[in-house]
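Reading the structure
What follows is the residue order along each chain.
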Amino acid sequence: MNLIHRALPEIDKQKVDLSTTVFGHKFSAPMIAGAITGGTQEATKINATIAEAVEKLGLGMGVGSQRAAIEDRTLEKTFAIARKKAPTAFLIANLGGVQLVNGYGLKELRKALEMIEADAIAIHLNALQETAQPEGQTNFKGVLEKIGEIAEELDKPVIAKETGAGIASEEAKKLQAAGVEGIDVSGAGGTSWAAVEYYRAKRRGNKSQCILGDVFWDWGIPTAASVVEVCQSVKIPVIASGGIRDGVDVAKALALGASLTGLSQPILQAAVKGVGETCSSLELIMNELRNAMFLVGASSIQKLHEAPSVISGKTSEWLKLRGFTVEAYARRGRD
Ligand SMILES: Cc1cc2nc3c(=O)[nH]c(=O)nc-3n(C[C@H](O)[C@H](O)[C@H](O)COP(=O)(O)O)c2cc1C
């Protein structure tokens, strides 16, 4: 995919405004650190580092699955550190959809929200990961209904979030109808859980599990295609994640209709080095986004949403076969 370069941007790069308001919260740029971790001492440090960076830069952050701390209260502090270090940033709690059919309900979700005084909760959908793990929980029957039940009761937005295999239009519509207020597509093309399981199996010397990870390595809906499918199917904010690596990726995702972008693997790589490195990485991406916006003549995020693009190759083929228009990608009638 390419954005259309404007030889005459007719705007002042210094006046490009990256800020945006989503879920009623003002972000200084349309970027959040995606869910990564929690539950261990090392995770506390990583959550603290990311939180400090996003607070400083006015961005948002998702914590990793809080299941461990729901099971063992002594681990709560490994997540709670995020709110301590980021008193005003948009924070997203996290629990697995499959846990909802395994007994989790409002009590556990409220606990997860309170643990980090979260602004929203992501219910992660990780069927690929569960099926690639020998110990995976693969009974997903009833997950959608449970999501609907909790979305109705909770007073914070529920975000349905994939974990690297993407969300199709059909599921997006069902999730919106069930009451979720945001969708994080987390498409294929970035972190691959099948690949993670491949390496885990290799270390254990489990050959058949290794083959399984290898076969499903690239499984999923590529992020760009998933963003278009979901943005053209629902009216709630869409977070583009899965392989977002620089400011041009962020710009492209927004031109396709996403409201925010999420980055996990690049943030993790920086966070293990410290707050300074994390801030620098995020600032670099913000600067790249500013450049891209300047080059397409978009002085604001709203204008970037309207920027035309050309989609070619596999994504174009995918969208044609799935019946999505390849001319106008920007979502119309956005909230
Ligand atoms: C080390 C690591 C741990 C993750 N843990 C979670 C998790 O607990 N919950 C979740 O919803 N997603 C989790 N994810 C998935 C990410 O939030 C994201 O959807 C996915 O990695 C794609 O983004 P990326 O290509 O920028 O890494 C994790 C990703 C990584 C790299």
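Everything discussed here concerns the structure shown above.
A brief structural summary. The structure displayed is predicted, hence computed values, not measured ones.

**Description of the pattern of salt bridges**
Tallying each qualifying case throughout the model produces 7 salt bridges. Residues glutamate 197 and arginine 200 are paired through a salt bridge, measuring 3.0 Å at the closest nitrogen-oxygen approach. Taken together, the residues span about one helical turn, with glutamate 197 and arginine 200 both in helix H9 (residues 193-204) at a distance of 3 residues. Using a relative accessible area of 2% as the deciding quantity, one classes glutamate 197 as buried. For arginine 322, the salt bridge is made with glutamate 229, and the minimal N-O distance between the two is 2.6 Å.

**Details of the site of the ligand**
Residues in contact with the ligand amount to 21 residues; listed here are only the nearest, Ala35, Ser65, Ser186, Thr191 and Arg245. A distance of 2.8 Å separates an oxygen atom of the ligand from a polar atom in the side chain of arginine 245. Taken atom by atom, the bulk of the ligand overlaps the largest pocket. Counting residues per element, the ones that place at least two in the shell around the ligand are strand S8 (158-162) and helix H13 (265-271). It is H13 that provides the largest number of residues to the shell around the ligand, a total of 3 residues. Of the residues that constitute the shell around the ligand, the class distribution is 6 nonpolar, 12 polar and 3 charged.

**Describing the nonpolar core**
Ranked by size, the top nonpolar core spans 85 residues in total, and within it Met31, Met61, Ile121, Ile183 and Leu304 carry the most contacts. Ranked by residue count, the leading element in this core is helix H14 (residues 275-295), at 7 residues. With residues up to four places along the chain from it excluded, the contact list for isoleucine 183 reads Ile159, Ala160, Ile167, Ala172, Leu175, Val230, Val234, Ile236, Pro237, Val238 and Ile239. In this structure, Phe27, Ile92, Ile159 and Ile239 belong to the second largest nonpolar core, which totals 10 residues.

**What about unusual backbone geometry?**
For residues that are not glycine, phi is negative in most cases, and the peptide bond is trans in most cases. Here the phi dihedral of phenylalanine 23 falls at roughly 55 degrees; this positive angle occurs in a residue that is not glycine. With respect to the element layout, phenylalanine 23 can be found in the loop between strand S2 (20-22) and strand S3 (25-27). A positive phi angle is found at glutamate 117, which is not glycine, with a value near 45 degrees. The topology assignment puts glutamate 117 in the loop between helix H5 (106-115) and strand S7 (120-125).

**A look at the layout of surface pockets**
Volume-wise, the largest pocket comes out at about 1100 Å³. Along its surface, the largest pocket is lined by 42 residues, and Ala35, Ile36, Ser65, Gln129 and Trp193 are the ones closest to its centre. Mapped by element, the contributors of at least two residues to the lining of the largest pocket are helix H2 (67-71), strand S6 (90-96), helix H6 (127-132), H9, strand S11 (260-263) and H13. Partitioning the lining of the largest pocket into residue classes produces 9 nonpolar, 27 polar and 6 charged. As a volume, the second largest pocket reaches approximately 420 Å³. What lines the second largest pocket is a set of 19 residues, and nearest its centre among them are Leu125, Ala127, Glu162, Gly166 and Glu171. Residues that form the lining of the second largest pocket fall into these classes: 13 nonpolar, 3 polar and 3 charged.

**Brief notes about the environment of leucine 319**
Position of leucine 319 relative to the elements: it lies in helix H16 (residues 313-321). A C-alpha to C-alpha distance of 9.2 Å links leucine 319 and serine 226, two positions 93 residues apart in sequence.

**Some points on the packing of aromatic side chains**
Each aromatic ring pair is described using two quantities: the centre-to-centre distance and the angle formed by the ring planes. Tallied over the entire structure, the rule returns 6 aromatic pairs. Consider the rings of phenylalanine 27 and phenylalanine 90, whose centres lie 5.4 Å apart with planes at 55 degrees: the pair is tilted. With a gap of 63 residues between them, phenylalanine 27 in strand S3 and phenylalanine 90 in strand S6 connect regions that are remote in the sequence. In terms of burial, phenylalanine 27 and phenylalanine 90 fall into one category: buried. By way of ring pairs, the aromatic residues Phe23, Phe27 and Phe90 are connected into one cluster.

Rules and cut-offs
Residues numbered from 1 in each chain as written. Predicted model: local features only at pLDDT ≥ 70, side-chain atom pairs only at ≥ 80, totals over all residues. Heavy atoms only, no water. Salt bridge = Lys/Arg side-chain N within 4 Å of Asp/Glu carboxyl O. Helix = DSSP H or I, 4+ residues; strand = E, 2+ residues; numbered from the N terminus. Buried < 20%, exposed > 50% of the residue type's maximum accessible area, 1.4 Å probe, protein only. Near = heavy atom within 4 Å. Polar contact = N/O pair within 3.5 Å; in protein donor to acceptor, adjacent residues only side chain to side chain. 1 Å grid on protein atoms, 1.4 Å probe; cavity = no way out; pocket = protein on both sides within 12 Å on 5 of 7 lines; lining within 4 Å. Sits in = over half its atoms within 2 Å of the grid points. Nonpolar A, V, L, I, M, F, W, Y, C, P; charged D, E, K, R; others polar. Core = buried A, V, L, I, M, F, W, Y, C linked by side-chain atoms within 4.5 Å. Contact = heavy atoms within 4.5 Å. Points joined across faces, edges and corners; volume = space filled by probe spheres on them. Phe/Tyr/Trp six-rings, centres within 6.5 Å; stacked < 30°, edge-to-face > 60°.

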